[in-house]
Amino acid sequence: MNILQINSSVRGAASESSRVASQIVAKFAAANAGANVTVRDLGANPHPVLDEATLGALFTPLEQRTAAQSARVALDDALIAEVQAADVVVIGAPMYNFGMPIQLKAWFDAIARAGVTFRYTASGPEGLLTGKKVFVATARGGIYPADADPQVPHIRMLLNFLGMTDNQFIYSSGLAMGPEAAAKGQAGADAAVAALA
């Protein structure tokens, strides 16, 4: 089993989303002898954002790319290869200003490539990153009911679009609402991880 952990918090060792993501990874690694774990920390080592130069490189035929263009595309290729090889993907996704961190958005921008991780068909787009189990550990200061959560629908839409439709979200909520609420939110996340099959 290949397990890919994506951390996107900028809080380092203090990150709740990374803590929960690491718990999920540890659980699956322990249950699958010989599991290979790859950790990519986008908070500590951000991936370059999508810009005009990157688009130019991606749309330039391989044999016509400059050395700089080839090097830039290779950075995205590495992320795509990691997620293609993964059987389980675990994403740490804190909520920043009601959305995902720009570090995580840059990861999605890098792995969403037409003809490689999704394709357009006569009946609409088709995700090609299939057969994977995805867990998303979210951490947020407040508490958001499902019908008013501004972050999860966006992340789920991106995962589904790419073919990763078997996805589950685990919540650490209320972290900025005082010590009691934070402890309750962390305990809820821990219980959800413990219940994973």
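Remember, predicted model here, so these are calculated numbers, not experimental data.

Notes on the sheet that holds strand β3 (residues 88–94)
Read from one edge of the open sheet, 5 strands run β2-β1-β3-β6-β7, paired in parallel fashion. Where the open sheet ends on each side, the last strands, each with one partner, are β2 (36–41) and β7 (166–172). Recorded for the sheet is a direction-independent mean angle of 15° between the axes of neighbouring strands. Across the sheet, helix α4 (residues 102–111) is in contact with β1 (2–7) and β3; its angle to β3 comes to roughly 145°. Of the strands in this sheet, β3, β6 (133–139) and β7 are in contact with helix α5 (residues 152–161), which crosses β7 at around 160°.

What about the packing of aromatic side chains?
Summed over all chains, the structure comprises 5 aromatic pairs. Ring geometry for F28 and F135: centres 5.1 Å apart, planes at 45°, overall tilted. Within this pair, whereas F28 is found in helix α1 (residues 16–31), its partner F135 is found in strand β6, the two being separated by 107 residues in sequence. The residues F28 and F135 share a single accessibility class, namely buried. Here F98 and Y144 contribute two aromatic rings whose centre-to-centre distance is 6.4 Å and whose plane-to-plane angle is 90°, an arrangement assigned as edge-to-face. Of the two residues, F98 is situated in the loop between β3 and α4 and Y144 in the loop between β6 and α5; the sequence distance between them amounts to 46 residues. Overall, Y144 belongs to the partly exposed group, its relative accessible area being 25%.

Overview of unusual backbone geometry
Peptide bonds are trans in most cases, and residues, glycine excluded, mostly fall at negative phi. A positive phi angle is found at N97, which is not glycine, with a value near 50°. Tracing the sequence through the fold places N97 in the loop between β3 and α4. With phi around 75°, F98 is a residue other than glycine that occupies positive phi space.

Quick look at the layout of surface pockets
Empty space within the largest pocket amounts to approximately 330 Å³. Among the residues forming the lining of the largest pocket, the class breakdown is 10 nonpolar, no polar and 5 charged.

Here's the deal with the pattern of salt bridges
Summed over all chains, the structure comprises 9 salt bridges. For R19, the salt bridge identified is with D190, shortest N-O distance 3.0 Å. Separated by 171 residues along the polypeptide, R19 in helix α1 and D190 in helix α6 (residues 179–194) bring together distant segments of the chain. What makes D190 partly exposed here is its relative accessible area of 29%. The salt bridge partner of D77 is R113, with a shortest N-O separation of 2.7 Å. Of the two residues, D77 sits in helix α3 (residues 67–85) while R113 sits in the loop between α4 and β4 (118–121), which places them 36 residues apart along the sequence. Residues joined in a network through salt bridges with shared partners are E16, R19 and D190.

Section: the nonpolar core
If you look at the biggest cluster of nonpolar residues, it comprises 27 residues, and the most contacted ones within it are I91, L104, W107, F108, I111, I155 and L159. Listed by contribution, the elements that provide at least two residues to this core are β1, α3, β3, α4, β6 and α5. Among residues more than four places away in sequence, those in contact with I111 are L79, I80, V83, T117, L162 and M164. With 14 residues, the next largest nonpolar core counts V20, I24, V90 and V193 among its residues.

Let's talk about the packing of α1 against α6
Relative to each other, α1 and α6 sit at 20°, their axes nearing to 10 Å. Put simply, α1 runs roughly parallel to α6. Considering how the two elements wind past one another, α1 and α6 form a crossing that is right-handed. Across from E16, R19, V20, Q23, I24 and K27 in α1, the residues of α6 making contact are Q186, A189, D190, V193 and A194. Looking at the contact of α1 with α6 residue by residue, the classes come out as 5 nonpolar, 2 polar and 4 charged.

Conventions we followed
Counting of residues starts from 1 at the beginning of each chain's written sequence and follows it residue by residue. Only residues with pLDDT of 70 or above have their local features reported here, since the model is predicted, and side-chain atom pairs are shown and tallied only from 80 upward, although totals for entire chains, interfaces and linings are computed over all residues. No hydrogens and no water enter the side-chain calculation; it runs on all heavy atoms of the structure. Two strands qualify as a pair provided DSSP detects at least 2 bridges between them. In this description a helix means any DSSP run of H or I spanning at least four residues, a strand means any run of E spanning at least two, and both kinds are numbered starting from the N terminus. All axes here are fitted lines through C-alpha atoms, helices being fitted over the stretch that makes contact, and every angle between N-to-C directions spans 0 to 180 degrees. Whether two residues are in contact is decided by their heavy atoms: any pair within 4.5 Å suffices. Only Phe, Tyr and Trp rings take part, Trp by its six-membered ring, and two of them pair if their centres are within 6.5 Å. Stacked means planes under 30 degrees apart, edge-to-face means over 60, and tilted covers everything else. The rule is simple: take the accessible area with a 1.4 Å probe, protein chains only, and divide by the maximum for that residue type; under 20% is buried, over 50% is exposed, in between is partly exposed. Of the grid points, spaced at 1 Å and generated over the protein atoms alone, those admitting a 1.4 Å probe that cannot get out make up cavities, while open sets with protein on both sides within 12 Å along at least five of seven lines make up pockets; any residue with an atom within 4 Å of a point is treated as lining. Grid points are joined across faces, edges and corners, and a volume is the space filled by probe spheres set on the points. Side-chain classes follow a simple rule in which Ala, Val, Leu, Ile, Met, Phe, Trp, Tyr, Cys and Pro form the nonpolar group, Asp, Glu, Lys and Arg form the charged group, and the remainder, Gly included, forms the polar group. The salt bridge criterion pairs a side-chain nitrogen of Lys or Arg with a carboxyl oxygen of Asp or Glu, the two atoms within 4 Å. Within this scheme, the nonpolar core is defined by two criteria: the residues are buried Ala, Val, Leu, Ile, Met, Phe, Trp, Tyr or Cys, and they are joined through side-chain atoms within 4.5 Å. An angle below 35 degrees is read as roughly parallel, one above 145 as roughly antiparallel, one from 65 to 115 as roughly perpendicular, and any other as oblique. Crossings are classed by handedness, with left-handed meaning an anticlockwise turn of the near helix from the far one by less than a right angle and right-handed meaning a clockwise turn.

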